[in-house]
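# Tertiary structure, described
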Number of protein chains: 2
Amino acid sequence: MINKLVDKIKKTNAPIVVGLDPMLSYVPEHIQQKAFAEFGETLEGAAEAIWQFNKGIIDSIYELIPAVKPQIAMYEQFGVEGLKAFQKTVDYCHEKDLVVIGDIKRGDIGSTSAAYAAGHLGKVTVGSHQYSAFHEDFVTVNPYFGTDGVGPFIDVCKKENKGLFILVKTSNPSSGEFQDRLIGQKPLYEYVGEKVAEWGEGHMGSEYSYIGAVVGATYPEVGKILRKVMPKTYILVPGYGAQGGKGADLVHYFNEDGLGAIVNSSRGIIAAYKQEQYAKFGAADYADASRQAVLDMIADLNGALQKAK
Amino acid sequence: MINKLVDKIKKTNAPIVVGLDPMLSYVPEHIQQKAFAEFGETLEGAAEAIWQFNKGIIDSIYELIPAVKPQIAMYEQFGVEGLKAFQKTVDYCHEKDLVVIGDIKRGDIGSTSAAYAAGHLGKVTVGSHQYSAFHEDFVTVNPYFGTDGVGPFIDVCKKENKGLFILVKTSNPSSGEFQDRLIGQKPLYEYVGEKVAEWGEGHMGSEYSYIGAVVGATYPEVGKILRKVMPKTYILVPGYGAQGGKGADLVHYFNEDGLGAIVNSSRGIIAAYKQEQYAKFGAADYADASRQAVLDMIADLNGALQKAK
C-alpha cells in the first residue's frame, strides 16, 4: 500500500492528501435542506448531508490527488448513522482508486489494539466467514502505549499489505507539553521518531516503509530533525493552511528525491468556498472551489520544492 | 457524575468496574448459534451474539457493582453493526442505573476532540435539534496532545456533568518505553499525573474531581507515587486478574478514606466460566460464573483494604 501511495503521488505530482473532516456547518444550505427533507433533522439526516457533501468534493477532485484522510471523529459524533457515512465515504474513495488514510488515532494494548486493527485494516472472523468492516488502507495510531500497543497494528499491516501513520509530533499549540520534554539531551518526540523508524524497518515497501509518522506542519524545525531521524519513513503532515503551515516551511519534511512527505489540508480544501479567496464560486459550486484550492495547494508545494532544489 | 460514582461505590461496597470487552470466543456456543440462526454468520450475527452475552452478564451482576466499562474496540471491529451493540449495551446499563465508563481512549486536537466529546459525552446539533449519540457517563482519553487536546473533553464534561479517565501509566509490559522516560528527575507519567491533577482542580465534585486517571494494576510502586501526586483524582485501575494484578498489590491506589480507586476486571469476570475455578457453572450458566467472580473480586479487594488499615 505504501508503494501504491508513492506511485500515485508520482503520477499526480501532488504530495497532498485531502482531509474529509466535514462539520455540518461546512455543508452548503441546499445540501442540508435536501437531506433534512428526506430524513428530518435527525442523526440520519446529518449523516446524509455530510455524505452528499463528501461525494460532491470527491467527484470534483479525485483525479488530482493520491489520497484522502477522513477524520472519523466528525462522523462518530453522529453515532451509528455517522459511522455509516464514514463507511460509505471510505467505500466510495476506494471506487475512485484513492488511497484512504483513516484518521482514527486509536491506540490500546494487546487484544484491544488487535481488535481496532482488525476492524479498520484487517478482517474479523464470524463463524466460518471473514469480514472487513471499515477497511481503510492506512490508519493513524497513538504511540503512548509503546511497542506492544503498536505491535498488533503492525502485525495486521504485514498480513494485509496495509500501513500506519504513528503520531510523533502533533500540530497543536500545546503538543510540546509532553512531546517536547527533554529526556537527557533529546525531546520525547525524537525517541518516538526513533521507535517509528525501528518499527518501520520490519515492514518495508520498495523505497519507503509501510509504517509512517505524523509530524505537524506548524513545527518546521522539528520536521527537519525528524526527517533525518526517520529517513525511510513517510511523513504525514497536518496543519497546512487553516492551522498556519505554508509550502515554503515544509520543504525539509521531504527527502532529496522529492518524496517522503504528504501534506494534509482539510478545512482549507473542503470548506474553500467559505474563504474570501474562493467566495466567487458560491455555495452551489462548493466542489469547484475545493478543486481550485487543491490546484493552488499543489502549485504552492511544488513551487516551494522546486525553489529549494 | 463523579459524585454518583462515589455514592454507588459506597452503597455497593464494591470499588470495582466490570469491563464489558466481549470477544466472540468468550460467547457460549448456544448464544452464538441462536444469533447466527437469526442473522447468519454475519457482522449483524456477531453483534447480536455479543449483545445477548452482555445482557446475560449485566442482568446477573448489576446489583453488585457501581459501574461497567465497555471497551469500544471489541464492538468497533464488527463495524457499524458492532457499534449498534455498543450503543445497546450503554443504553441497557443506564436502564440498570450503572455508571458507564466508555473505554474509547480517544484523543485529538481542537474541533476533533470536541467532536469525540460531543458524540460520547455531550450533544450534537442537527438543525434545530440536539442529539446524544453514544452518551456514556465517563470516557477514557489519551493525553499525548497535551492541554488543548484534553480541553475540549473537559469543556463538555463541565457542561454535561460528565467525567474523564486520562491515561497516565498503562498496564502493558512496554508502557515504560515512553511513559517511564526520565525528564530530569521525574518520569513522564509523573508529569502527566501532575497535569491530570491540575486539569481536575477546575472540575471538582464534592470529594473527588470529575477528571480521573488510568494507572495500571501491574505497576503497584507507580500507583503509590501517583496516588500522592493526584490526591483528589479517582484512579481507574486496569490489569487486575488476567493481567496479573492482585488485591493486596492495590491498597496504595486507594486513599485512607478507602476511596479514590476503582479496579477493573474484564476477561476475569465476563469469561469466568472458562476458568478452572468457575468451570463448574458451565457455558449454560456463564452469567452465574461471572456473578461469583464479581463476589470473589469484591472480597479480595475489601479483604486487602481491611488488612491494610
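This structure is a prediction, so every number in the text was calculated from the model and none was measured. (Residues numbered from 1 in each chain as written. Chains lettered and ligands numbered in written order. Predicted model: local features only at pLDDT ≥ 70, side-chain atom pairs only at ≥ 80, totals over all residues. Heavy atoms only, no water.)

So, about the overall build of chain A. A tally of helices and strands in chain A yields 12 helices and 12 strands. For 309 residues, the compact-globule estimate of 2.2 N^0.38 gives 19 Å, and chain A sits close to it at 19 Å. Viewed in the frame of its principal axes, chain A has a C-alpha envelope of about 60 × 55 × 35 Å. Relative to its full complement of 309 residues, chain A shows a buried share of 63%. Element-wise, carbon and sulfur atoms account for 49% of the exposed surface of chain A, whose accessible area totals about 10800 Å². (Helix = DSSP H or I, 4+ residues; strand = E, 2+ residues; numbered from the N terminus. Rg over C-alpha atoms; globule rule 2.2 N^0.38 Å. Buried < 20%, exposed > 50% of the residue type's maximum accessible area, 1.4 Å probe, protein only. Areas by Shrake-Rupley, 256 points an atom, 1.4 Å probe, with all protein chains shown as cover.)

Below, the discussion takes up helix α6 (residues 110-120) of chain B. When you tally the buried positions in α6(B), you get 8 out of 11 residues, the bulk of the element. Listed in full, the buried residues belonging to α6(B) are B:Thr112, B:Ser113, B:Ala115, B:Tyr116, B:Ala117, B:Ala118, B:Gly119 and B:His120.

The next point concerns the interface of chain A and chain B. With 71 residues of chain A in contact, the opposing surface of chain B contributes 71 residues. Joining chain A to chain B, the criterion identifies 4 salt bridges. Between A:Asp108 and B:Lys105 there is a salt bridge, with its nearest N and O atoms 2.8 Å apart. In terms of residue count, helix α6 (residues 110-120) of chain A provides more of the side of chain A that touches chain B than any other element does, 7 residues in total. Residue classes in the side of chain A that touches chain B are distributed as 34 nonpolar, 26 polar and 11 charged. (Contact = heavy atoms within 4.5 Å. Salt bridge = Lys/Arg side-chain N within 4 Å of Asp/Glu carboxyl O. Nonpolar A, V, L, I, M, F, W, Y, C, P; charged D, E, K, R; others polar.)

Residues and elements named next belong to chain B. Read around the barrel, 8 strands follow the order β1-β2-β3-β6-β7-β10-β11-β12 and close on themselves; strand pairing throughout is parallel. Across this sheet, the average inter-strand angle for adjacent strands is 30°, counted without regard to direction. Sheet topology note: the strand β7 (residues 163-169)/strand β10 (residues 211-215) ladder contains 5 bridges and is parallel. Residue pairing for β10: Leu167 is matched across the bridge by Val214. Each of β2 (67-70), β3 (99-106), β6 (138-141), β7 and β12 (261-265) is contacted by helix α1 (residues 2-12), which is oriented at about 125° to β3, the strand it contacts most. (Pairing = 2+ DSSP bridges. Axes fitted to C-alpha atoms, helices over the stretch in contact; angles between N-to-C directions.)

Turning our eyes to something else, we now look at helix α12 (residues 286-308) of chain A. Residues and elements named next belong to chain A. Counted at 1.5 Å a residue, the expected span for α12 with its 23 residues is 33 Å, and the 33 Å between its end C-alpha atoms agrees. Buried within α12 we find Tyr286, Ala287, Ala289, Ser290, Ala293, Val294, Met297, Ile298, Leu301, Asn302, Ala304 and Leu305. Those residues of α12 that are buried are in contact with β1 (16-20), α2 (29-39), α3 (43-61), β12 (261-265) and α11 (267-270). (Expected span 1.5 Å × (residues − 1).)

Moving on, we come to the environment of B:Pro15. Residues and elements named next belong to chain B. Among the structural elements, Pro15 can be located in the loop between α1 and β1 (16-20). A sequence separation of 79 residues divides Pro15 from His94, and the C-alpha atoms of the two residues are 19 Å apart. Setting aside its immediate chain neighbours within four residues, Pro15 contacts Ile9, Phe254, Ala261, Ile262, Val263, Leu301, Asn302 and Leu305.

Core analysis: the biggest nonpolar cluster contains 242 residues, and A:Leu164 and B:Leu164 have the highest contact counts within it. Excluding residues that lie within four positions of it along the chain, A:Leu164 makes contacts with A:Leu121, A:Phe138, A:Val139, A:Val141, A:Val150, A:Phe153, A:Ile154, A:Cys157, A:Tyr210, A:Ile211 and A:Gly212. (Core = buried A, V, L, I, M, F, W, Y, C linked by side-chain atoms within 4.5 Å.)

This next bit is on the packing of aromatic side chains. Given two aromatic rings, one states the distance between the centres and the angle between the planes to describe the pair. All chains considered together, the criterion is met by 14 aromatic pairs over all chains. Both rings, one in B:Phe86 and one in B:Phe134, keep their centres 5.8 Å apart while their planes meet at 75°; by these two values the pair is edge-to-face. Within this pair, whereas B:Phe86 is found in helix α5 (residues 79-95), its partner B:Phe134 is found in the loop between β5 (129-131) and β6, the two being separated by 48 residues in sequence. Like B:Phe134, B:Phe86 is buried. Taken together, the ring pairs connect A:Phe53, A:Tyr273 and A:Tyr286 into an aromatic cluster. We note A:Lys246 situated over the ring of A:Tyr240; from NZ or CZ to the ring centre the distance is 5.8 Å. Geometry around B:Tyr62 places B:Lys96 over its ring, the cationic atom sitting 4.6 Å from the centre. (Phe/Tyr/Trp six-rings, centres within 6.5 Å; stacked < 30°, edge-to-face > 60°. Lys NZ or Arg CZ within 6 Å of the ring centre and 35° of its normal.)

When chain A is fitted to chain B, the best match, at an RMSD of 0.0 Å, comes from turning it 180° and sliding it 0.0 Å along the axis. Both chain copies can therefore be described as sitting about a two-fold axis. Judged by C-alpha distance, A:Ile183 is the residue of chain A that lies nearest the rotation axis, at 2.4 Å. A shared binding surface is used by both copies, with 100% of the interface residues of chain A retained as interface residues in chain B. (Least-squares fit on C-alpha atoms with pLDDT ≥ 70 in both.)

What follows covers the pattern of salt bridges. This structure, assessed with the given rule, holds 30 salt bridges over all chains. For the salt bridge of A:Asp97 with A:Lys4, the shortest nitrogen-to-oxygen distance reads 2.8 Å. Linking A:Asp97 in the loop between α5 (79-95) and β3 (99-106) with A:Lys4 in helix α1 (residues 2-12), this pair joins segments that are 93 residues apart in sequence. Put simply, B:Glu194 and B:Lys186 hold a salt bridge, and the shortest N to O gap is 2.7 Å. The partly exposed category is assigned to B:Glu194, whose relative accessible area is 29%. Counted as one network, the salt bridges with shared partners bring together A:Lys69, A:Asp103, A:Lys105 and B:Asp108.

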